[in-house]
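Listed below are the residues making up each chain.
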Amino acid sequence: MSFSDMSVAGAIKAIKANKFVLPAIQREFVWREDRICQLFDSLMQGYPIGQLLFWTIDPENVRKYRLYRFMRHYHARDRQFCEEFDTEDVLQPLTGVLDGQQRLTALHIGLRGSLATKKPYGRKDNDDSYPQKCLHLDLTSSEDETVDGALYSFKFFDPEDDLPHRGWFKVSDLLDIDDTSSLSEWILDQEFEKEIGKAASRRLHRLHSVIHVEKPLSFYTVEEQDLDRVLQIFIRVNSRGMVLSYSDLLLSIASAQWTKRDAREAVNGIVIDMNAVGGGYDFSKDFVLKAGLMLLDISSVGFRVSNFDRPTMAKMDKNWDGITRALELTVKLASELGIDTRALRADSALLPIAYYLYKRDVDERYLSSTADAADRKKIRFWLIKSLLKQSGIWGSGLDVLLTALRTVIREHGKTEFPAEALEHEMASRGRSLVFTDEEIERLVELKYGDKLTRPLLVLLYPFIDTSHLMHLDHVYPKSQFTSAKLRRSGVDDSSIERFVDQVNRLPNLQLLKGIPTRKRVQLFLPPGW
């Protein structure tokens, strides 16, 4: 394998001319400001920044793939994803970047673009919370090495704001400067003191050399045109050191093979929608991809490349609307059943429910239908019990378990949720939902604030309508359980410590609908409580 070298300016100009593109098997840009600054500092210090992997896409094959432009002006709220590249009139070969997207995008933003991230404590709906900042180099800073080994001070500033001092140079101004004489003129115009001016000149000329003269970008080009082969190369390269998570790789494969929609936007979209349900959840792309395999009856729900072949991806693309409808309905159902994000110890516990709803092809009326009330009750009890088990129902061997539960639902869940059949199957695999005395003792000792307390109360009080907002509160007010107040209520000193300990435990906790009205409550304690 032989590598070639190129300058930073050469790479940026190729991006500008739309010669470098991003295949859909790449993920979105994820680097933060500090990491971009570190990359430029590494270049200035002459450090290697890793090798790049390119892919030559012949003109006749360009329209077979979904391609994207490089990010230029990143906005954390409004522009997180790259624009799609129009391949309709392409007559020349393109260079797809298989490995090195984050580095090249960071260089592109620093030398041609900007970065807008939210200010600390800024409101998301306020445009002023996202200043569009450009990269600058401090030409006059101390040359002492920092804790992280940096020698050069790079930082993003809003061009409309006043810079801290005149020694800050906007990096993007250097890209189109070939004649270094103009750099010397810029230094003179700043009227630095003599020694500071010399140091500033050295830094500015060093930056120019790094961008225009030196060739720090080492790359290898793949000429292969078969997409399946290219995917294998991509996975092999990006799996080293876990540069990408495996779900990112599999999502990349889906993106490259879906035809009806953009897989990346579709998956990210359903993740955002599900996480916005109720009080908010924390679902990931992994959950969505595994749900796709689960709901479509793919032989195994494991994250293996063989499960993301062309036929499977075509099937997922075709049935995506039904998959997302079942997932959204499942999360809404979990929320209405009182299962919040803290109680949901394992997202996978929702997959059998999603499969059941998908197979029955129900809609939102299921959530409120009187005819389905008993069915929802079965789901609630089964789900909560599986989450309360200390042994961890949803731990190791998860893929095998999910595949088995899917079979049970397919055979016994045509008209109602087969809770008993599922429990029988789980018990046969050593994952019984029957609680031992020790487990019951543990649950009784749960405290206010424990993530399992709310679902346990939902289980203990089935008559509570959890479709409404429910607050976890005390039966006897916590404020009454001070030593002084307990003594005034007739509690002897030997029992005070026990009373204080019990105030936050399960027997003194309840679920209340809505926001309770504050009332003055007189504490009456039964003898021996």
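The paragraphs below set out a description of the structure included in this document.

Considerations on the overall build of the protein chain
Link 1 in the chain: Check the secondary structure of the protein chain and you find 20 helices and 13 strands.
Link 2 in the chain: Among the 529 residues that make up the protein chain, the fraction classed as buried is 52%.
Link 3 in the chain: Taking the intrachain contacts of the protein chain between residues at least 6 apart in sequence as the baseline, contacts between residues at least 24 apart amount to 75%.
Link 4 in the chain: Taken as a whole, the protein chain presents about 26,600 Å² of accessible surface, with 48% of it coming from carbon and sulfur.

Points about the sheet that holds strand S11 (residues 217-222)
Working definition: the strands of a sheet are paired by backbone hydrogen bonds and lie parallel or antiparallel to each other.
Link 1 in the chain: Taken in spatial order, the six strands line up as S1-S11-S3-S6-S2-S4 in an open sheet, and their pairing is mixed. Only two strands of the sheet have a single partner each, and these edge strands are strand S1 (4-6) and strand S4 (67-68).

Side note on the packing of helix H10 (residues 285-295) against helix H12 (residues 320-336)
Link 1 in the chain: Orientation of H10 relative to H12, taken along the N-to-C sense of each, is 115°, at an axis distance of 10 Å. On the basis of the axis angle, H10 is roughly perpendicular to H12. The two elements H10 and H12 meet at a crossing, and its hand is right-handed. Within the contact between the two elements, H10 uses Phe-287, Val-288, Ala-291, Gly-292 and Leu-295 and H12 uses Trp-320, Ile-323, Ala-326 and Leu-327.
Link 2 in the chain: By residue class, the composition of the contact of H10 with H12 is eight nonpolar, one polar and no charged.

Quick look at unusual backbone geometry
Link 1 in the chain: In this structure, Asn-18 is a non-glycine residue whose phi angle is positive, near 60°.
Link 2 in the chain: Among the secondary structure elements, Asn-18 is positioned in the loop between helix H1 (8-16) and strand S2 (20-23).
Link 3 in the chain: Look at Asp-297: it is not a glycine, yet its phi comes out positive at around 60°.
Link 4 in the chain: Positionally, Asp-297 belongs in the loop between H10 and helix H11 (310-318).

Considerations on a negative patch on the surface
Link 1 in the chain: On the surface, Asp-176, Asp-178, Asp-179, Glu-185, Asp-189 and Glu-191 cluster together into a patch of negative charge.
Link 2 in the chain: Among the structural elements, Glu-191 can be located in the loop between helix H5 (181-189) and helix H6 (194-213).

Some words on the environment of Ser-299
Link 1 in the chain: With respect to the helices and strands, Ser-299 occurs in the loop between H10 and H11.
Link 2 in the chain: By relative accessible area, which is 64% here, Ser-299 ends up exposed.
Link 3 in the chain: The spatial distance from the C-alpha of Ser-299 to the C-alpha of Thr-403 is 7.8 Å, given a sequence separation of 104 residues.

A word on the pattern of salt bridges
Link 1 in the chain: For the coordinates displayed, the defined rule picks out 26 salt bridges.
Link 2 in the chain: The shortest N-O distance in the salt bridge between Arg-406 and Asp-297 comes to 3.8 Å. Within this pair, whereas Arg-406 is found in helix H15 (residues 398-412), its partner Asp-297 is found in the loop between H10 and H11, the two being separated by 109 residues in sequence.
Link 3 in the chain: The salt bridge partner of Lys-332 is Glu-364, with a shortest N-O separation of 2.3 Å.

Things to note about the packing of H5 against H6
Link 1 in the chain: Contact geometry for H5 and H6: axes closest at 10 Å, N-to-C directions at 150°. One way to sum up the angle between H5 and H6 is to call them roughly antiparallel. When the axes of H5 and H6 are compared, the crossing they make is right-handed. On H6, the residues that touch Leu-183, Ser-184, Trp-186 and Ile-187 of H5 are Gly-197, Ala-200, Ser-201, Leu-204, His-205 and His-208.
Link 2 in the chain: Broken down by class, the residue content of the contact of H5 with H6 amounts to five nonpolar, five polar and no charged.

Focus on the packing of aromatic side chains
Link 1 in the chain: Enumeration according to the criterion identifies 13 aromatic pairs in this entry.
Link 2 in the chain: A centroid spacing of 5.8 Å and a plane angle of 55° characterise the contact between Phe-3 and Tyr-220, whose relative ring orientation is tilted. Taken together, the positions of Phe-3 in the segment before S1 and Tyr-220 in strand S11 put the pair 217 residues apart, joining distant regions of the chain.
Link 3 in the chain: Residue Phe-3 is classed as partly exposed on the basis of its relative accessible area of 33%.
Link 4 in the chain: Ring geometry for Phe-40 and Phe-154: centres 5.6 Å apart, planes at 45°, overall tilted. Placement of the pair is Phe-40 in helix H2 (residues 33-45) and Phe-154 in strand S9 (residues 154-157), with a sequence separation of 114 residues.
Link 5 in the chain: Take Phe-154: its relative accessible area is 8%, and that puts it in the buried class.
Link 6 in the chain: Of the aromatic side chains, those joined through ring pairs into one cluster are Tyr-356, Trp-382, Trp-394 and Phe-417.
Link 7 in the chain: For Arg-264, the ring lying beneath its charged end belongs to Tyr-68, and the centroid distance is 5.0 Å.

Regarding a nonpolar patch on the surface
Link 1 in the chain: Among the surface-exposed residues, Leu-460, Tyr-461 and Phe-463 lie close enough to one another that they form a single nonpolar patch of about 340 Å² accessible area.
Link 2 in the chain: Note that Phe-463 resides in the loop between helix H18 (453-460) and strand S12 (470-474).
Link 3 in the chain: Since its relative accessible area comes to 67%, Phe-463 is described here as exposed.

Let's talk about the sheet that holds strand S10 (residues 168-170)
Link 1 in the chain: Taken together, the three strands give an open sheet; going across it, the order is S9-S8-S10, and neighbouring strands pair in antiparallel fashion. Strands at the two margins of the open sheet, each flanked by one partner only, are S9 and S10. Sheet twist, expressed as the average angle between the axes of neighbouring strands with direction ignored, equals 40°.
Link 2 in the chain: The pairing of strand S8 (residues 134-138) with S9 spans four bridges and is antiparallel. Bridge pairing in S9 links Leu-135 to Phe-156.

Thoughts on the nonpolar core
Link 1 in the chain: One finds Trp-320, Leu-327, Ile-339, Ile-353, Trp-382 and Trp-394 to be the most contacted residues of the largest nonpolar core, which totals 83 residues.
Link 2 in the chain: Among all residues touching Leu-327, those that are not within four sequence positions of it are Ile-270, Met-274, Phe-287, Val-288, Ala-291 and Ala-354.
Link 3 in the chain: Formed by 54 residues, the second largest nonpolar core is a distinct cluster that contains Cys-37, Leu-137, Ile-177 and Val-210.

Remarks on helix H13 (residues 351-360)
The α-helix advances 3.6 residues per turn, and as a result positions three or four apart in sequence lie on the same side.
Link 1 in the chain: With eight of ten residues buried, H13 is to be regarded as a mostly interior element.
Link 2 in the chain: Turning to H13, its buried residues number three or more, namely Leu-351, Pro-352, Ile-353, Ala-354, Tyr-355, Tyr-356, Leu-357 and Tyr-358.
Link 3 in the chain: Turning to H13, the residues buried within the fold contact H10, H12, helix H14 (373-388) and H15.
Link 4 in the chain: Positioned one or two residues after H13, Asp-361 has a phi angle of 55°, which is positive.

Criteria and cut-off values
Residues numbered from 1 in each chain as written. Predicted model: local features only at pLDDT ≥ 70, side-chain atom pairs only at ≥ 80, totals over all residues. Heavy atoms only, no water. Helix = DSSP H or I, 4+ residues; strand = E, 2+ residues; numbered from the N terminus. Buried < 20%, exposed > 50% of the residue type's maximum accessible area, 1.4 Å probe, protein only. Contact = heavy atoms within 4.5 Å. Areas by Shrake-Rupley, 256 points an atom, 1.4 Å probe, with all protein chains shown as cover. Pairing = 2+ DSSP bridges. Axes fitted to C-alpha atoms, helices over the stretch in contact; angles between N-to-C directions. Parallel < 35°, antiparallel > 145°, perpendicular 65-115°, else oblique. Left-handed = near helix turned anticlockwise from the far one by under 90°. Nonpolar A, V, L, I, M, F, W, Y, C, P; charged D, E, K, R; others polar. Patch = residues over 30% accessible without salt bridge, like charges linked within 9 Å, V, L, I, M, F, W, Y side chains within 5 Å. Salt bridge = Lys/Arg side-chain N within 4 Å of Asp/Glu carboxyl O. Lys, Arg positive; Asp, Glu negative; His and termini not counted. Charge placed at Lys NZ, Arg CZ, Asp CG, Glu CD. Phe/Tyr/Trp six-rings, centres within 6.5 Å; stacked < 30°, edge-to-face > 60°. Lys NZ or Arg CZ within 6 Å of the ring centre and 35° of its normal. Core = buried A, V, L, I, M, F, W, Y, C linked by side-chain atoms within 4.5 Å.

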